[in-house]
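Coordinate inspection notes
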Amino acid sequence: MNTERGDNSKSGKLADILYRAAIQTAVVSGIFLLIIVSLLLLNFYKGIIIEPRLEEQWEQLKTEVRNKPKDEELLSRVRELDLEMRTNRVRQDDSSRRGGYLLLGGLAVFLVSLKGSVQLRKKLPRPEKQVDVRGLQVRELIWGRRAATVVLIVLGSWLLIVAFLPALDFGRTIFVVALYPSMDEIARNWPRFRGPEGAGISAYNNVPTEWDGKTGKNILWKSKVPLPGHSSPVVWGDRVYVSGANEESQQIFCFDVFSGALLWDGSLVNPGAVSGEPLELNEDTAGYAAPTPVTDGRRVCTIFPTGDIGCFDFNGRLLWSRNFGLPDSIYGYASSLEMYQDMILIQYDQGYAEDEKSKVIALDFQTGRTVWETKRSVSSSWTSPIVVQIDNEFQYITCSNPFVIGYDPKSGEEIWRVECLGPDLAPSAIYANGLVFAIEPFTALYAIRTKVKGDFRVAEIVWMGEDGIPDITSPLSNGQLLLLLTTYGTLTCYDITDEASDKDRVNNQERIRPKLWEQELDMEFNASASLVGDKLYLLSTKGVMIIARAGRSYKEIGRCELGEECYASPAFADGRIYIRGVENLYCIGNKD
Amino acid sequence: MRQLRSIVILLVLPLIVTTDSFGAERFPPPDFESGHELPVTTVPSPRQSFYEYIDLGVLVAAIGVASYLALRRRSRRGLFVLTVFSLLYFGFWRKGCICPIGAIQNITMSIFDSSYAAPLFVLGFFLVPLVSTLFFGRTFCAAVCPLGAVQDLVLVRPVSVPGWLEKSLRLLAYVYLGAAVLFAATGSAFIICRYDPFVSIFRLSGNLSVLILAGCFLLAGMFIGRPYCRFLCPYGVILRQLSRISRFRVTITPDDCIHCRLCEDACPFGAIKKPTVEWPAKSYSKNKRLLGLLIVALPVFVLAGGWLGGSAKHIAAKVNWRVRLAERIYLEDRGQVEGTTDASDAFRATGEDVNELYSEAYAIRRKLGIGGWIVGGFLGLVAGLKLVGLSIRKNRVDYEADAGECLSCGRCFSYCPREHARLERMRQEAS
Amino acid sequence: MEKNNRGDVSRRSFLRDGLFGGSLAGLGALGGLVFNKTKAANTVWQIDPYVCIACGNCATYCVLEESAVKCVHAFAMCGYCDLCSGFLEPEPRELDSGAENELCPAGAIQRRFVEDPYYEYTIDESLCNGCGKCVKGCNAFGNGSLFLQVRHDRCLNCNECSIAAACPSGAFKRVPADKPYILKEAKHE
């Protein structure tokens, strides 16, 4: 008996010692775990709190050091801060990793000791006296059903709430948001240089015929355009876009048509600014922002003489930008953009014909990816292309030296060409009365007809005019009369109907049409003429708009002074005229 | 320096004119005069697929050993050692991925998504524990599953969960399974992987909320036995049903039950069921009426569940990133939300048609609607059957480990005097 | 009573066996259904560099402390410029590797002079954190030869990649394990 008790007490004592040791280890490792966890949390929050503060400091110091590049002390502070930030990050990573391992080890020790202590204190099972087993089992089931029902009700009501939460309805039927505007939409807006088809004809007759820049009569608003340029404004809906640039920056500005507020401006990086080799364009050239942008209401695309082209959506987000390399153009690249369906069409003429550097390019309006590209052996030109519908077929017509070429805008395939033009081309073509009119500066006006011959389309010069040929402005026609405006103020009118051909003078193969009338206006004009109903709107470089009747004789209606120099052609919208002066954009409309 | 830079740019610009495809280099790669050789971009290869099949082999072997230890040898100690091994191998070495629980999603996606094909070993990971459970009961859960292993080893002081609470909380596992299958079938998300509480322990890293979740589960697991296994594991839902019809199963006693009651509190997971007693006549007839009502009401449960599941499709769809993108673009274009996100900017830059995105989102919603009806109906059926089960008197004569609940851990063996008798007999035979 | 019991038992065991056989057959059918589509090889995660917008999520969303995504360099595409827009901040103070000039917050890009006027840029993967700032700079003004890739000596190949779930442009794809990289290639004639 004694030995038994002695044995029991010995093993009992051992168990006690072990138990106490286990508990103590558990407590110690538990405390250790808590310490590690708090250290890890501290480490984590240090990262969250300290790092942003250091980052702020870093940004500040970086800009400072850039402004003061010679300051050695600032430089060393910047470098020290950078080292500190990097060391912090590495240390934080190391600490958390080490902490993780310590945590794991501590947890293992903690669990082992805790479980060991539980095991050591394990008692023999001693089931309690059973009372009313029957009732117990029945009650368990009842409670089980109730609890299950509660869980189901909770889940069900949550799902019920979810079911009645509003959800965005993308539409039972997918609404067809056209990827590109319809011809109607284009006709109602002023999406490109000289409006739809580059014709310079306003769709609205309700624009004012009187305004005054000095008194502000009929000037709805006037907003400063931050960067200069000769590009014309383009209008779509409630926005008007103007591009401007200088040797350092190239931007497009978006103004609100109602208030004239600058809604946003988008920049394209000027490679000259990056490389330190800016494009130098002096006064003899077309300037840094000569090409006019094009918009389809959803996006606006603009190109600059540096070869940078960029596209922004109507909210100002840059969709894409590309660079085709610096165009080799002695006056600075100036061709405006055209669009067709969901494509941007670029007339990229440069160098000499034999260099084979010129091409016409079609880009996807949304992504900027090249849809097609056609090389052409022409020299550089400063005309803008047009897309017009001839005989139920859309044609993309370009004037260049020496050819006038028509392409299929969908594929870039050449449809026809006529050799007639020469160097220094600036006036763009128009399409009127079934004829394409192209101008060779100071030399001739060509009326070109294209017709289908078998599988091909051929083009021929039907007649030409020799009077009052401009060198900058593009022609204007109402379908019966065609008007030319020279830089020095000579307005010449031709009758382009077929009936007028009996007055033509035939000289060898050439048919030369005399002018109908001519008028000296004693002003300089860079902006092309525009037509509103039966009225001509002629904008001189001094900012004076001469309004005259477009008829078989000249009749002036009025003159409106803006008080600012203007080189860009105006844009027309419903009840409004947008004129870009050298500094401001004016919105002219009836103020009542 | 500036001169060199400008020379480079001027030399390079004419070249740019001739190259114009979108991806071509702005600055053409140079031809080095010194004959400098370009270094090669290193491509360290991933773990060879061959090793995944080794893992599958280890899985098969481990399940085999676990089944042997649980059913034949009846050795709790052996199972404990195997549990530690599984934790170390499948947990810390393989970082808990890929696991049979997550494999449910891969298999579902394989079936419903034509663009995804699960690797063969994933199919193996999915099927092997199911087949073994069909034969041997939940021996996979006992000592092989790494998530189970963590919870098992963390268990210190089991608190018994009252039976009614246990039965009702178990419904959550069905919801988890249904949601996991639904989201995997539509390619929206792998929610089992996303909300796995223990994988962050195996990786020893994760973001703060995941680590806190792991901590909570560990803490809970110290007192509640295997909370994830019992109330949340979606794979366990399937294993439970298969285990109920398994060929062989763990029994508490090696031979006969002598009704000594010593094993009543042996199971930390509440899987030991007591013998049933005759009910009083009143509750018997009441329950019969209730049972009849519930069986008639089953279609109502199914329809209600289906409708609720189907109508949750708008919210469920938000889990899918394409739907979230479509909703964001929709709101931005209508000016109902300010600014843009990286995702909407990236989408607009691709030039994809917005209408196609909308129809894609619409199609996902529709799929989730149909799937929601099916899963909801299934959950309704489960709920109805659970209530039916809670109205039936089960006839049990001996103390048994519940066919579906028992995790084959073997803790109850040492509580049974018949087991001790068997061990004594084996010892005597050995000597 | 015994007979009834035995009858009960045999009926129940018949049901059990039936369900057993049915389940086995069901599992077999499921396996067969999926088996046709399975491949032997494992799939791993990879970034498509032509879709990636270098948003910076790769550095923060990886489950690992140190992201498994690193920047890699396609040397054949690089212009070797001394004004590298992936290495240098825009408008750097000086064209050198001063801390105020470098774009990389961890200083992981090493700049080495090769010959006049070319410099070689290599990435130290032990320092790179996958933030993508250099990728953004290189894509904007350079050749786009720097891009992000999942490095498979570090990646755990989670079943659902946390970065993939957070990628705003959907650039993460599952690729076969024997072709685990989508590298950019030089495109000039």
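Summarised in this report is the structure supplied together with it. None of these values were measured; they are calculated from a predicted model.

What follows is about a nonpolar patch on the surface. A contiguous nonpolar patch, built from Val37(A), Leu41(A), Phe44(A), Tyr45(A), Ile48(A), Ile49(A) and Ile50(A) and spanning about 570 Å² of accessible area, is present on the exposed surface. Here Val37(A) shows up in helix α1 (residues 2-67).

Sheets are built from strands that pair by backbone hydrogen bonding, the pairs being arranged parallel or antiparallel. Residues and elements named next belong to chain A. Here 4 strands make up an open sheet; going across it, the order is β2-β35-β34-β33 and the pairing antiparallel. Looking at strand neighbours, the two that pair on one side only are β2 (219-224) and β33 (571-573), the edges of this open sheet. For this sheet the average axis-to-axis angle between neighbouring strands, irrespective of direction, equals 15 degrees. As paired strands, strand β34 (residues 576-580) and strand β35 (residues 584-589) are joined by 5 bridges and run antiparallel to one another. Counterpart to Ile-579 in the pairing with β35 is Tyr-586.

Turning to the interface of chain C and chain B, a few remarks are in order. Contacts between the two partners involve 73 residues from chain C, matched on the other side by 72 residues from chain B. Between chain C and chain B the total buried area reaches about 6,000 Å² when both faces are included, carbon and sulfur atoms providing 63% of it. Summed over the shared surface of chain C and chain B, the number is 2 salt bridges. Here Arg247(B) ties to Asp17(C) by a salt bridge, and the two come within 3.0 Å at their closest N and O atoms. In this structure, the connection of chain C to chain B is made through 20 residue pairs in polar contact (both at pLDDT 80 or more). Here the side of chain C that touches chain B gets 12 residues from one element, more than from any other, and that element is helix α1 (residues 2-35) of chain C.

To continue, consider the nonpolar core. Ile101(B), Phe140(B), Phe198(B), Tyr228(B) and Tyr235(B) are the most contacted members of the largest nonpolar core, which totals 121 residues. Dropping the residues within four chain positions of it, Phe140(B) is found in contact with Leu59(B), Ile63(B), Pro100(B), Pro129(B), Cys145(B), Tyr235(B) and Leu239(B). Formed by 36 residues, the second largest nonpolar core is a distinct cluster that contains Cys71(C), Ile123(C), Leu146(C) and Ile163(C).

Time to look at the packing of aromatic side chains. In the structure shown here, the tally under the stated rule is 37 aromatic pairs over all chains. Seen from their ring centres, Phe85(B) and Tyr89(B) are 5.9 Å apart, and the 20 degrees between their planes marks the pair as stacked. Here Phe85(B) pairs with Tyr89(B), and both are found in helix α3 (residues 76-93), just 4 residues apart, close to one helical turn. Overall, Phe85(B) belongs to the partly exposed group, its relative accessible area being 38%. Plain terms: the ring middles of Phe198(B) and Tyr228(B) are 6.0 Å apart, the flat faces sit at 90 degrees to each other, and that makes the pair edge-to-face. In this pair, Phe198(B) sits in the loop between α10 (191-194) and α11 (199-203) while Tyr228(B) sits in helix α13 (residues 227-231), placing the two residues 30 residues apart along the sequence. Tyr228(B) shares its class with Phe198(B); the two are buried. Members of the aromatic cluster, each reached through a chain of ring pairs, are Trp190(A), Trp211(A), Tyr537(A) and Phe572(A). Arg146(A) extends its terminal NZ or CZ atom over the ring of Trp143(A), reaching a point 5.3 Å from the ring centre. Its guanidinium or amino end placed over the ring of Phe365(A), Arg299(A) lies 4.8 Å from that ring's centre, counting from NZ or CZ.

What counts as what
- Residues numbered from 1 in each chain as written.
- Chains lettered and ligands numbered in written order.
- Predicted model: local features only at pLDDT ≥ 70, side-chain atom pairs only at ≥ 80, totals over all residues.
- Heavy atoms only, no water.
- Patch = residues over 30% accessible without salt bridge, like charges linked within 9 Å, V, L, I, M, F, W, Y side chains within 5 Å.
- Areas by Shrake-Rupley, 256 points an atom, 1.4 Å probe, with all protein chains shown as cover.
- Salt bridge = Lys/Arg side-chain N within 4 Å of Asp/Glu carboxyl O.
- Helix = DSSP H or I, 4+ residues; strand = E, 2+ residues; numbered from the N terminus.
- Pairing = 2+ DSSP bridges.
- Axes fitted to C-alpha atoms, helices over the stretch in contact; angles between N-to-C directions.
- Contact = heavy atoms within 4.5 Å.
- Buried area = accessible area lost by both parts, 1.4 Å probe.
- Polar contact = N/O pair within 3.5 Å; in protein donor to acceptor, adjacent residues only side chain to side chain.
- Core = buried A, V, L, I, M, F, W, Y, C linked by side-chain atoms within 4.5 Å.
- Buried < 20%, exposed > 50% of the residue type's maximum accessible area, 1.4 Å probe, protein only.
- Phe/Tyr/Trp six-rings, centres within 6.5 Å; stacked < 30°, edge-to-face > 60°.
- Lys NZ or Arg CZ within 6 Å of the ring centre and 35° of its normal.

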